[in-house]
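# Results of the structural survey
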Amino acid sequence: MTLAYVITEGKTDIEILQRLLPKHLIQDTQFVEGVGSYGARSLASSLLATRSTPVALVLDADTEDQEQISEKYDLINNLLGQAFHGIPFKVSLATPEIEVILLQDKSLIEKIAKRSFNDLEWQFAKSQPRRFLVEVFRLQKSKPVIEQIFGNISDEEIQILQQHPLIQDLINFLSSVAVTPTV
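I will try to describe carefully the structure that is included in this document. Small disclaimer: the values here were computed from a predicted structure and weren't measured.

Leu17 and Leu21 are the most contacted members of the largest nonpolar core, which totals 41 residues. Dropping the residues within four chain positions of it, Leu17 is found in contact with Val6, Thr8, Phe31, Val58, Ile98, Leu166, Ile167 and Leu170. One finds Leu59, Phe89, Val91 and Leu93 within the second-largest nonpolar core, a separate group that totals 19 residues.

Here you go:
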């Protein structure tokens, strides 16, 4: 039984979220790829309309400009809220991209990458996390970046990544809506 949907822009986003969200919260949660930002928003609207099931929509902000992020958030939130009043939903924008969650702790990503990053590299990492991770982990092309990262991470280190505000917001949302009804 699906108690909630998490809609993302792509498969990598789903992989990151499934590895970071607590297992008990995702067992009755269905993750769906929206194939880009517009597709994800459209899918979220469709699911709210046809399934009347809570939806968490996770998108990349694609910018670090707080004014643009706020405008994008307000626009999506208002559109979904006006059209589907009463059905719980959550809009989350990863700034600038969802991969920034994996860069929450510099020492952790340095440990996984087996190298240190100077201030300029770290600034680049924060502004273009997806591109940074591809560059850093490109030497092992036989494995996708996400597998390389999560294949070298402990449960304690997962807990560090779970402290990211976007993950915490999703945990709180799913905790409030994805409770299996008792019969």
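From this point, the discussion proceeds with the structure in view.
So, on to the pairing of strand β3 (residues 55-60). Here β3 lies mainly inside the structure; six of its six residues are buried. The alternating pattern of β3 places Val55, Leu57 and Leu59 on one face and Ala56, Val58 and Asp60 on the opposite face, and all of these are buried. The pairing of strand β1 (residues 4-8) with β3 spans three bridges and is classified as parallel. Residue pairing across strands places Val6 opposite Ala56, the latter belonging to β3. For the handedness criterion, the β-α-β arrangement of β3, helix α4 (residues 66-83) and strand β4 (residues 89-94) is classed as right-handed.

Taken as a whole and judged by the stated rule, the model has six salt bridges. The salt bridge involving Arg138 is made with Glu135; its shortest N-O contact spans 3.0 Å. One salt-bridge network, in which partners are shared between bridges, spans Asp60, Glu97, Glu99 and Arg130.

Turning our eyes to something else, we now look at the sheet that holds β1. Consider a sheet: its strands pair through backbone hydrogen bonds, and that pairing is either parallel or antiparallel. Here we have four strands laid out as an open sheet, ordered β2-β1-β3-β4, and parallel in their pairing. At either end of the open sheet lies a strand with only one pairing partner, and these are β2 (29-33) and β4. Strand-to-strand twist across the sheet, computed as the mean angle between neighbouring axes with direction ignored, equals 15 degrees. Bridge count for β1 against β2 is five bridges, and the pairing is parallel. The residue bridging Ala4 from the neighbouring strand is Thr29, located in β2. Against the sheet, α4 makes contact with β3 and β4, and its axis sits at roughly 160 degrees relative to β4, the strand it touches most.

Okay, helix α3 (residues 37-51) next. Here α3 spans 21 Å end to end across 15 residues, near enough to the 21 Å set by a 1.5 Å rise per residue. Listed as buried for α3 are Ser37, Ala40, Ala44, Leu47 and Leu48. Taken around the axis of α3, the buried residues stretch over an arc of 95 degrees, which confines them to a single face. The outward face of α3, more than 90 degrees from its buried face, is lined by the exposed residues Tyr38 and Thr50.

Where helix α5 (residues 106-113) contacts helix α7 (residues 129-137), the axes come no closer than 11 Å and their chain directions differ by 30 degrees. As judged from the angle between their axes, α5 and α7 are roughly parallel. For the pair α5 and α7, the sense of crossing is right-handed. Packed against α5, whose contacting residues are Ile109, Ile112 and Ala113, the element α7 presents Leu133, Val136 and Phe137 at the interface. Split into classes, the residues belonging to the contact of α5 with α7 amount to six nonpolar, no polar and no charged.

The rules we used
- Residues numbered from 1 in each chain as written.
- Predicted model: local features only at pLDDT ≥ 70, side-chain atom pairs only at ≥ 80, totals over all residues.
- Heavy atoms only, no water.
- Core = buried A, V, L, I, M, F, W, Y, C linked by side-chain atoms within 4.5 Å.
- Buried < 20%, exposed > 50% of the residue type's maximum accessible area, 1.4 Å probe, protein only.
- Contact = heavy atoms within 4.5 Å.
- Helix = DSSP H or I, 4+ residues; strand = E, 2+ residues; numbered from the N terminus.
- Pairing = 2+ DSSP bridges.
- Right-handed = clockwise from strand over helix to strand, strands pointing away.
- Salt bridge = Lys/Arg side-chain N within 4 Å of Asp/Glu carboxyl O.
- Axes fitted to C-alpha atoms, helices over the stretch in contact; angles between N-to-C directions.
- Expected span 1.5 Å × (residues − 1).
- Arc of directions from axis to C-beta.
- Parallel < 35°, antiparallel > 145°, perpendicular 65-115°, else oblique.
- Left-handed = near helix turned anticlockwise from the far one by under 90°.
- Nonpolar A, V, L, I, M, F, W, Y, C, P; charged D, E, K, R; others polar.

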